Amino acid sequence: MSESTSTVTPAATAPRKGGGRRRLSLPVILLIIAAGLALFSLVRVVSGADDLTSVGQVSGALQLAVPIGLAGLGGLWAERAGVVNIGLEGMMILGTWFGAWAGYQWGPWTGVVMGLVGGALGGLLHAVMTVTFNVNHIVSGVAVNILALGATQYLSDFTFAEAPGGSSKQSPRIEAIDRITVPGLSDWLADLQAQHWFFVSDLAGVLGGLVTNLSLLTVVALLLVPATWWILWRTGFGLRLRSCGENPVAAESLGVNVYKYKYIAVLVSGALAGLGGAFLAIVSTGIYQEGQTGGRGFIGLAAMIFGNWMPGGLALGAGLFGFTDSLKLRGGAENVHAMLLLLAILLVLAVFWALYKKKYVAAAVSAVASALLFFWYAMTETLPSQFVDAAPYVTTLLVLALSAQRLRMPKANGMPYKRGQGK
């Protein structure tokens, strides 16, 4: 059967009926969001950390979350096709270098395109090694990371080092991409947030951060989340691609060219990670700097896992990591200190949930941890700078540890596959 006429039924890739999780309706999702915002508002009022949900905090968190989210989207594309992509960090590095190299010479949007190309080159290398030559996916990803770092250091020595305003570790400045602010609405929301009212000001701060000083590339990145969901879950192309990550032998028996779809997925994966790198160089800092990715490719991978290999959950995870990083940059110790109170309250809720589920050991552990956090919060006014700097990485570890019990990755993810092996 030819690929163009073949169909893969949803049952081939969907989890068994009894094993899936119930989908949340839109009203329930909105209610959960409102409850979370109310909890943040309570913490802000009690702690006095008024910057916790300010317009600047939300705007900064969004800018910090975008590169992480793009890297996570890249990982999602690859792993839904069955290819583990540990090389996201290296592909982001390639995106930063290519984006800056083209951006300072021919403009920021050319830099964005070349960032996509640079990341895709890293994805192509990863695809050749894992799909064609069946190299272990972890080994290949680590190799991409090492090669990307070495290649960009080498290229910088005779490109940026010889350019006016550049050096072997830094590019010349790149022209900024236009930013948009909704006139009238932005000022009104900022004034409302400055009143520091319970919940209302916090809602205004969140909405204000979404309509104030927003880069056009940020808008593009945000649109890629629903676009990814639509392509992978609402088109025949996406169904065939996901079938390669669930059961490539069955997919091949139905006429799907598994190699082709894996190559496409990993190339898109690299391009998205490269776009995240270009965002860092062009939007976040305006220059390329050696080491500026700072492990965001790995954090993006963590966001993807936290999101259970789904675009919506991934966006939530990226937002969480971006928010934590923004807390560190804005208000530092005071904001992170307020988060101790938030964690303590969340653990109290976890105690009641564990008791409802009759998990008494988990309830006892959560109760002890909550009491310790309440005590820590009450006995201190600020936190050591070392803890503040480590907050995003501690958050990554906590999120992965707490969500590990509810994860379901694609069944054939990371497994070697050879064409015709099912015959």
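Here's a quick rundown of the structure. Please read all numbers here as calculations on a predicted model, not as lab measurements.

1. Details of the pattern of salt bridges
In a structure, side chains of opposite charge can pair up when their charged atoms sit close to one another. One pass over the full model with this rule turns up 5 salt bridges. In this structure, Asp202 and Arg44 form a salt bridge, with 2.7 Å as the shortest nitrogen-oxygen distance. Residue Asp202 is located in helix 8 (residues 200-209), and its partner Arg44 is located in helix 2 (residues 26-47); the two are separated by 158 residues in the primary sequence. The exposure classification of Asp202 matches that of Arg44, with both residues buried. Counted as one network, the salt bridges with shared partners bring together Arg44, Asp50 and Asp202.

2. Some remarks on a nonpolar patch on the surface
Residues Val113, Val117, Leu121, Leu124 and Leu267 make up a contiguous nonpolar surface patch of about 370 Å² in total accessible area. Here the nonpolar patch takes 4 residues from helix 5 (residues 108-132), the largest share from any one element. As for its placement among the helices and strands, Leu121 is situated in helix 5.

3. Overview of the packing of aromatic side chains
Counted by the stated rule, this structure contains 11 aromatic pairs. Judged by centre distance (5.2 Å) and plane angle (80°), the rings of Trp97 and Phe98 are edge-to-face. For the pair Trp97 and Phe98, one class covers both residues: buried. For the pair Trp97 and Phe160, a centre-to-centre distance of 5.4 Å together with 40° between the ring planes defines the contact as tilted. With Trp97 in helix 4 (residues 88-106) and Phe160 in the loop between helix 6 (137-158) and strand 1 (179-180), the pair connects residues that are 63 residues apart, well separated along the chain. Residues Trp97 and Phe160 agree in their burial class; the two are buried. Over the face of the ring belonging to Tyr259 we find Arg419, whose NZ or CZ atom lies 4.2 Å from the ring centre.

4. Focus on the side chain of Glu79
In this structure, Glu79 sits in helix 3 (residues 55-80). Despite its burial, Glu79 pairs with no opposite charge; the closest candidate is Arg80, at 8.4 Å N-O. At 2.8 Å, the side chain of Glu79 forms a polar contact with the side chain of Trp309. When near neighbours in sequence (up to four residues on either side) are disregarded, Glu79 contacts Val84, Asn85, Leu301, Met304, Trp309, Pro410 and Asn413.

Cut-off values and rules
- Residues numbered from 1 in each chain as written.
- Predicted model: local features only at pLDDT ≥ 70, side-chain atom pairs only at ≥ 80, totals over all residues.
- Heavy atoms only, no water.
- Salt bridge = Lys/Arg side-chain N within 4 Å of Asp/Glu carboxyl O.
- Helix = DSSP H or I, 4+ residues; strand = E, 2+ residues; numbered from the N terminus.
- Buried < 20%, exposed > 50% of the residue type's maximum accessible area, 1.4 Å probe, protein only.
- Patch = residues over 30% accessible without salt bridge, like charges linked within 9 Å, V, L, I, M, F, W, Y side chains within 5 Å.
- Areas by Shrake-Rupley, 256 points an atom, 1.4 Å probe, with all protein chains shown as cover.
- Phe/Tyr/Trp six-rings, centres within 6.5 Å; stacked < 30°, edge-to-face > 60°.
- Lys NZ or Arg CZ within 6 Å of the ring centre and 35° of its normal.
- Lys, Arg positive; Asp, Glu negative; His and termini not counted.
- Polar contact = N/O pair within 3.5 Å; in protein donor to acceptor, adjacent residues only side chain to side chain.
- Contact = heavy atoms within 4.5 Å.

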